[in-house]
Structure formats: structure tokens, C-alpha cells
Amino acid sequence: MLAVVVTSKGRFEVRDIPMPSLNAGEVLVRIRYAALCYRDLLQLRGYYPRMRYPVVLGHEVVGVVEESRDPRFSRGDRVVPILHSIDGTCDMCLRGEEVYCRNRLSFGEEVDGFFAEYARVTGNSLVKVPDWVSDELAVLTPCVLAMLYRGFRRINLNMGETVLVTGASGGVGVHAVQLARAMGARVIAVTRSEEKAKVLGKFADDIIVGSGFSEEVKRRFNGGVDVVVEAVGTPTISESIRSLRAGGRLLLIGNVNPDETYQLRLGYTILKDIMILGNAAANRSDVASVFGIVKVRPIEPVVAAKYPLREFAEALRMLESGSRIGKVLLVP
Ligand SMILES: NC(=O)c1ccc[n+]([C@@H]2O[C@H](COP(=O)([O-])OP(=O)(O)OC[C@H]3O[C@@H](n4cnc5c(N)ncnc54)[C@H](OP(=O)(O)O)[C@@H]3O)[C@@H](O)[C@H]2O)c1
Ligand SMILES: [Zn+2]
Ligand SMILES: [Zn+2]
């Protein structure tokens with residue numbers, strides 16, 4: 001089968017590899033869509049120290065069960081995996097905190113991922129996709145919507161609060177805008193581009209264009225917002241923290257340039273009484289919660305482009321390009 005194999009830091013090949021064979025408890029998934037994520041780019045560039053070589057890249061996927069050695073799944077079931085292969089038996093898994101599984105292995109990093117025609121996945125990591133969820137929405141649920149839902153849950157997002165989203169045109173950003181709104185928030189999208197702002201107008205309540213946004217936020221939104229979703233990192237975090245009201249919360253999701261550091265002003269953080277919460281990945285329960293939310297408050301999967309698996313290099317260029325809005329999908 002065809003797959004995108006990372007062979008060493010910064011190097012990949014699109015080539016044929018043997019079909020995976022199943023052990024007890026595992027499921028063979030025929031892939032319908034895989035999605036690119038900025039994380040793939042960072043993994044390719046060598047920022048993830050646990051990367052094993054060679055490995056099939058990709059951690060966002062929706063597919064159909066082709067063969068099952070887990071009695072919970074049958075041929076034909078439509079499924080999405082969470083971001084890790086988990087044991088399902090450790091204390092963290094038993095508490096429902098699968099993101100902290102003591103024996104977790106990250107797909108596309110420590111075990112083969114999903115930029116391929118088929119994938120072998122433990123049944124412990126899978127969630128069945130209900131019929132009201134499209135493939136385009138399902139593929140971005142675990143790493144984007146359910147990851148964000150878990151973050152909003154952890155910072156106690158309440159109905160009627162104001163949420164500011166940085167990098168609002170990105171794969172994370174444009175869906176964070178929609179999820180926060182679906183959860184009853186008033187949402188302000190921040191983007192660098194006037195062009196993108198026109199499109200984002202469809203999803204956000206308010207839009208601010210540019211890099212110095214905190215003064216405008218404070219002036220227009222009662223001295224500051226309740227919550228910021230920081231999807232960019234060092235280029236915007238200083239303005240994001242300034243945009244919070246006293247007692248506000250910052251959900252730290254992305255950092256597009258891991259070589260840069262940010263000096264947190266401790267006194268300001270303490271006296272402003274703010275919370276900064278790092279958040280990654282999702283549990284199966286978060287995926288199920290998002291499927292429930294979108295049944296009553298539809299979320300539009302924003303897809304910038306779809307590429308055949310063979311054209312992975314093109315898809316990667318699209319991911320790196322500044323003009324895109326939303327996700328890039330691969331079709332095996
Ligand atoms: N915590 C998690 O579990 C998780 C999950 C997925 C992704 N992430 C991380 O979240 C971040 C975004 O991922 P993504 O897949 O959404 O990437 P993406 O689609 O490329 O979106 C990033 C957005 O950030 C903005 N941006 C990029 N570089 C910037 C810069 N130098 N200055 C200001 N804005 C910049 C752009 O939006 P505008 O042009 O609109 O400003 C861009 O669309 C990445 O760091 C990724 O690793 C984290
Ligand atoms: Zn991802
Ligand atoms: Zn576990």
C-alpha cells in the first residue's frame with residue numbers, strides 16, 4: 001500500500017510499504033481522509049524528540065473498518081482514532097484520562113500513522129462515527145474540535161462569555177471560532193489578513209485584523225475578554241495576555257515557531273489573576289461530546305484543499321502557504 005514514510009529528520013518518501021497485519025485487539029482501517037496539521041510540519045522538522053524512524057506520518061484520519069480482531073468493531077464501521085495508541089487498562093485510562101495513558105504511543109510519531117491507504121489501530125483508541133457526522137468533519141474532530149472541547153471544559157467556558165481566537169484562519173483557529181460559538185460564547189477572530197477576514201466574517205461575531213489587537217479588544221470588549229484561544233504562539237501571546245480581563249483564562253494550543261521563547265511577566269500574571277493552560281489532544285469522551293454538540297449546533301468543516309496521497313509534497317506546500325483558510329486533506 002502507498003504511504004508517506006518519514007525516514008529521518010526532514011526527509012520523507014511516498015512509497016509502497018507492506019500491508020499491516022493484525023494482532024488481537026487491533027482493527028484494520030481503510031482510510032477515507034487523512035488531514036494535515038501544523039504538527040506534521042513540526043514533526044518533519046524534527047521538533048518531536050520521540051519520533052521513531054521510519055514511521056508513517058499523520059495523526060488525523062477517518063476511515064472504515066476493513067477487518068477487525070476487536071469484538072467491539074465490525075467490518076463497515078466508520079471510525080476515528082484519538083491521537084494515541086492506548087492500553088485501556090492503566091489508572092489514567094480507567095479515569096477516562098486517556099490522553100495521559102501511562103503506555104500511550106503517538107500515531108505518526110512513535111507508531112505508524114495515517115498518511116497511507118490502510119492503518120492498523122488498537123480498538124482501544126477508536127470511536128465510531130455517527131451518521132450525522134460527515135467524513136470531512138469526522139477527520140478533524142479528535143485533534144481539532146475534541147482537543148478544543150477538552151480545553152474549554154478544563155477552563156470552564158461558560159455561555160455568554162467572550163472568546164478571542166488568534167490565527168483564526170488556521171485549521172485549529174477557524175474551528176475554534178465555530179466551536180466556541182456553538183458552546184454559547186461571543187467570538188472575536190484575530191487574523192493577519194484583510195482577505196481572510198472577509199471569509200471569517202461568516203463564522204465570528206467580530207473580527208480584528210493585525211498584530212496589535214489588545215488595545216482595540218480592551219476598548220471594545222469591556223476592558224478585556226474572558227478567554228483567549230492562543231493558536232499561534234510567540235508572535236501573538238503578548239497581545240493575547242494583554243487582551244484578557246482580570247481573572248481571564250488563556251488556552252495555549254499552538255506555537256508555530258518552537259525556536260522562539262516568551263518571557264512571562266510573573267508579577268503581571270499574578271496581579272492580573274490570570275490562568276494559562278496548556279492543552280493537547282482529546283479523550284474518546286471528548287470526541288463523543290463533540291459529536292453530540294454538532295448534532296444540535298452544526299459546525300462547518302472548512303477545507304482549503306484535497307490532494308491525492310501521492311501528491312503529499314504539494315499538500316505540505318499548501319499547509320505552509322500563508323493564503324489558506326482551514327484544513328488540507330489527503331485522499332488515498
Ligand atoms: N494543542 C494541540 O493539541 C494542537 C492540535 C493541533 C495543532 N496544534 C498547534 O496549533 C498551531 C496551529 O495549528 P494549525 O494546524 O491550525 O496550523 P495552521 O492551519 O497553519 O494555522 C496557523 C495560523 O496561525 C497564524 N499564523 C501563522 N504564523 C503566524 C505568525 N508568524 N504570526 C501570526 N500568525 C501566524 C495564521 O493565521 P492568520 O493568517 O489568520 O493570522 C495561520 O493560519 C500549531 O502550532 C500546531 O502545532 C496544537
Ligand atoms: Zn493534529
Ligand atoms: Zn492507559
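Residues numbered from 1 in each chain as written. Chains lettered and ligands numbered in written order. Predicted model: local features only at pLDDT ≥ 70, side-chain atom pairs only at ≥ 80, totals over all residues.

Considering the site of ligand 1
So, point 1. Lining the immediate environment of ligand 1, one finds 29 residues, of which Gly 167, Ser 169, Gly 170, Thr 191 and Gly 254 sit closest.
So, point 2. Residues belonging to the shell around ligand 1 are distributed by class as follows: 14 nonpolar, 12 polar and three charged.
So, point 3. Structurally, the shell around ligand 1 is a two-domain feature, drawing no fewer than three residues from each of domain 1 (2–140 + 301–331) and domain 2 (146–278). (Near = placed C-beta within 6 Å. Nonpolar A, V, L, I, M, F, W, Y, C, P; charged D, E, K, R; others polar. Domains from an automatic or database assignment.)

Comments concerning the domain arrangement of the protein
So, point 1. One can read the domain layout of the protein as domain 1 (2–140 + 301–331) and domain 2 (146–278).
So, point 2. A C-alpha centroid distance of 28 Å is found between domain 1 and domain 2.
So, point 3. With nine residues of domain 1 at the interface, the matching set in domain 2 holds nine residues.
So, point 4. For the side of domain 1 that touches domain 2, a count of residues per class yields seven nonpolar, one polar and one charged. (Contact = placed C-beta atoms within 7 Å.)

What to know about the environment of Leu 330
So, point 1. Checked against the element boundaries, Leu 330 lands in strand S18 (residues 327–331).
So, point 2. Given 26 C-beta atoms within a 10 Å radius, Leu 330 is considered buried.
So, point 3. It is 9.8 Å that separates the C-alpha atoms of Leu 330 and Phe 114, two residues lying 216 residues apart in sequence.
So, point 4. Among residues more than four places away in sequence, those in contact with Leu 330 are Tyr 33, Ala 34, Leu 36, Phe 115, Tyr 307, Leu 309, Phe 312 and Ala 315. (Helix = DSSP H or I, 4+ residues; strand = E, 2+ residues; numbered from the N terminus. Buried ≥ 20, exposed ≤ 12 C-beta atoms within 10 Å, placed from the backbone.)

Concerning the sheet that holds strand S12 (residues 186–191)
So, point 1. Sheet architecture is open: six strands sit in the order S13-S12-S11-S14-S15-S16, paired in parallel fashion. The sheet is open, and its two borders are formed by strand S13 (206–209) and strand S16 (275–278), each paired with just one other strand. Neighbour to neighbour, the strand axes of the sheet diverge by 20 degrees on average, direction disregarded.
So, point 2. Here strand S15 (residues 244–252) pairs with S16 via four bridges, running parallel. By the bridge assignment for S16, Arg 249 is matched with Met 275. (Pairing = 2+ DSSP bridges. Axes fitted to C-alpha atoms, helices over the stretch in contact; angles between N-to-C directions.)

Regarding the sheet that holds strand S1 (residues 2–8)
So, point 1. Spatially, the three strands line up as an open sheet ordered S2-S1-S4, and their pairing is antiparallel. With one partner strand each, in any of the chains shown, strand S2 (11–16) and strand S4 (55–56) form the two edges of the open sheet.
So, point 2. Bridge count for S1 against S4 is two bridges, and the pairing is antiparallel. When the sheet's bridge partners are listed, Val 6 is paired in S4 with Val 55.

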